[in-house]
Every structure is written in structure tokens, then in C-alpha cells.
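Report on the structure
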Amino acid sequence: MIRGLALLLWLPLAAAAQPVPEPEDYRMDHYRAPVPATLSGAAVVGPEAAYALWLGGETVFIDVMPQAPRPANLPEGTLWRDKPRYSIPGSIWLPNVGYGALAEITEQYFRDGLARATGGEKTHPILLFCLEDCWMSWNAAKRALAWGYAAVHWLPEGSDGWVLWDYPLERITPEEPQPQSN
């Protein structure tokens, strides 16, 4: 009886300990789930290494946490307040760019945001993150690599891991799309 109970308690732990394989393409659903320990072509960093990069000041930190849109069916005059985002100080927030498939306008917003953040230098170091166990940052980092960014860092623990180390946070707002020049 006790051996059977111990086995029942151990099975979920053993399943959770199984490594998540790195998919060949972008994750298309269930974005809040365990992520792989790897991302081919990127440097995978933990909170301590991310903090060292942050202190160094050379790496651009890109937060890809999604932002909920204002509900379309709110009655006129209803106040809408976005949920505040507390993130790594100095981060650029490019919300909604980590989905597996991006609308053309969102893809352009992401491309433009990365170009502005790096001064158009694809060798400039960037670090992408979201929350712990969030595929959004994995997808965004994979996409940056596909677009030719050469110094991509990925922080799988995201701002959750950052705060566990008692590193500072600040409230950030989404980067506004820039008007296109002709």
C-alpha cells in the first residue's frame, strides 16, 4: 500500500522532470507551459548571468509579455486600465510579439522595435524574456535569430526569476509603434 502511494506521488514529479524538447518551429499554443532548456543559436542565461549583462549595459533587454487589449464591447464611458507591467529596469516592452504566428502589422512592429533597440546593428546583443515557463520569449528569440540577429540571449525564467534573486523592477509601458516614413 505504501509503495503504491509512493509511486503515485512520484509519477507526477518524474513527468515534470522530463526535459522539454526544442521544437523545430514556433510554439503555436499553450504558451504558459514548461519550456526547453535550449534554443539553438541563442545563449540561454539564468537570472545571475542576465543581471551581469544588465549591469554591463551593452545588452538591450526586450520584454515580450503580452498585453491584453481593451475589450471591444465595453460600454461607452467605461474606464479601462491596463494591467501594469513591472519588469527589468530599462527594458523595452514589445507586447504580443511572441505568438507562434504573427499578423503582418505585429511582425513589422517587432522588426521595427528590434531595429530601433539595436540601432540597426544585428550584432548588437539583445536579451529576450517574458515570465517563467512562457513560450512567448522562446518564440520571440527564435524569430530574432531567423531575422539574422547574431547575439541573442534568452532568459527562460523571465522577470519571475529576476525578482526571485531580488533584482530591481520598474514599471514599464509598451513601446509605441513608430510612423512609417516613405
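Below or above, wherever it landed, is the structure these notes cover. As the structure is a computational prediction, the values presented were derived from the model and not from experiment. (Residues numbered from 1 in each chain as written. Predicted model: local features only at pLDDT ≥ 70, side-chain atom pairs only at ≥ 80, totals over all residues. Heavy atoms only, no water.)

1. A look at the pairing of strand β6 (residues 152-155)
Basically, it comes down to this: A 1.4 Å probe rolled over the protein chains alone gives each residue an accessible area, and that area as a share of the maximum for its type sets the label: buried under 20%, exposed over 50%, partly exposed in between. Only runs of H or I of at least four residues qualify as helices and only runs of E of at least two qualify as strands under DSSP, and these elements are numbered from the N terminus. Any two strands with at least two DSSP-identified bridges between them are counted as paired.
The two faces of β6 match: Val152 and Trp154 on one face and His153 and Leu155 on the other face are all buried. Relative to β6, strand β1 (residues 43-44) runs parallel, the two being bridged by 2 bridges. The residue bridging Val44 from the neighbouring strand is Trp154, located in β6. Relative to β6, strand β5 (residues 126-129) is paired through 4 bridges, and the arrangement is parallel. Bridging from a neighbouring strand, Leu128 pairs with Trp154 of β6.

2. What about the nonpolar core?
Our working definition: By nonpolar core we mean a set of buried residues, namely Ala, Val, Leu, Ile, Met, Phe, Trp, Tyr and Cys, connected to one another through side-chain atoms within 4.5 Å. Any two residues whose heavy atoms approach within 4.5 Å at even a single point are treated as in contact.
Ile62, Val64, Phe110, Leu114, Ile126, Leu128 and Val152 are the most contacted members of the largest nonpolar core, which has 30 residues in total. For this core, the secondary structure elements donating two or more residues are β2 (60-63), α3 (104-118), β5, α4 (135-146) and β6. Examining the composition of this core, we find that 6 residues originate from one element, α4, more than from any other. Beyond its immediate stretch of four places on either side in the chain, Ile62 contacts Ile92, Leu94, Leu114, Ala117, Leu127, Leu128 and Phe129. Counting 9 residues, the second largest nonpolar core, distinct from the first, contains Phe61, Leu155, Trp162 and Tyr167.

3. Digging into the packing of aromatic side chains
Stated formally: Each pair of aromatic rings taken from Phe, Tyr and Trp, with Trp reduced to its six-membered ring, is defined by centres within 6.5 Å and is described as stacked if the planes are under 30 degrees apart, edge-to-face if over 60, and tilted in the remaining cases. Each ring is checked for a lysine NZ or an arginine CZ that lies within 6 Å of its centre and within 35 degrees of its normal; such an atom marks a charge sitting over the ring.
One pass over the structure, following the stated rule, counts 11 aromatic pairs. One aromatic cluster in this structure is built from Tyr51, Trp54, Phe61, Phe129, Trp162, Trp165 and Tyr167. Between the NZ or CZ atom of Arg143 and the centre of the ring of Tyr26, over which it lies, the distance is 4.1 Å.

4. Points about the pattern of salt bridges
Spelled out, the test is: We define a salt bridge as a contact between a side-chain nitrogen of Lys or Arg and a carboxyl oxygen of Asp or Glu at a distance within 4 Å.
All chains considered together, the criterion is met by 4 salt bridges. A salt bridge links Asp29 to Arg27, with the shortest nitrogen-to-oxygen separation between them at 4.0 Å. The residue Arg85 makes a salt bridge to Asp63 at a minimum N-O spacing of 2.9 Å. Residue Arg85 is found in strand β3 (residues 85-87), and its partner Asp63 is found in strand β2; the two are separated by 22 residues along the sequence. You'll find Arg85 and Asp63 in the same group, each marked buried.

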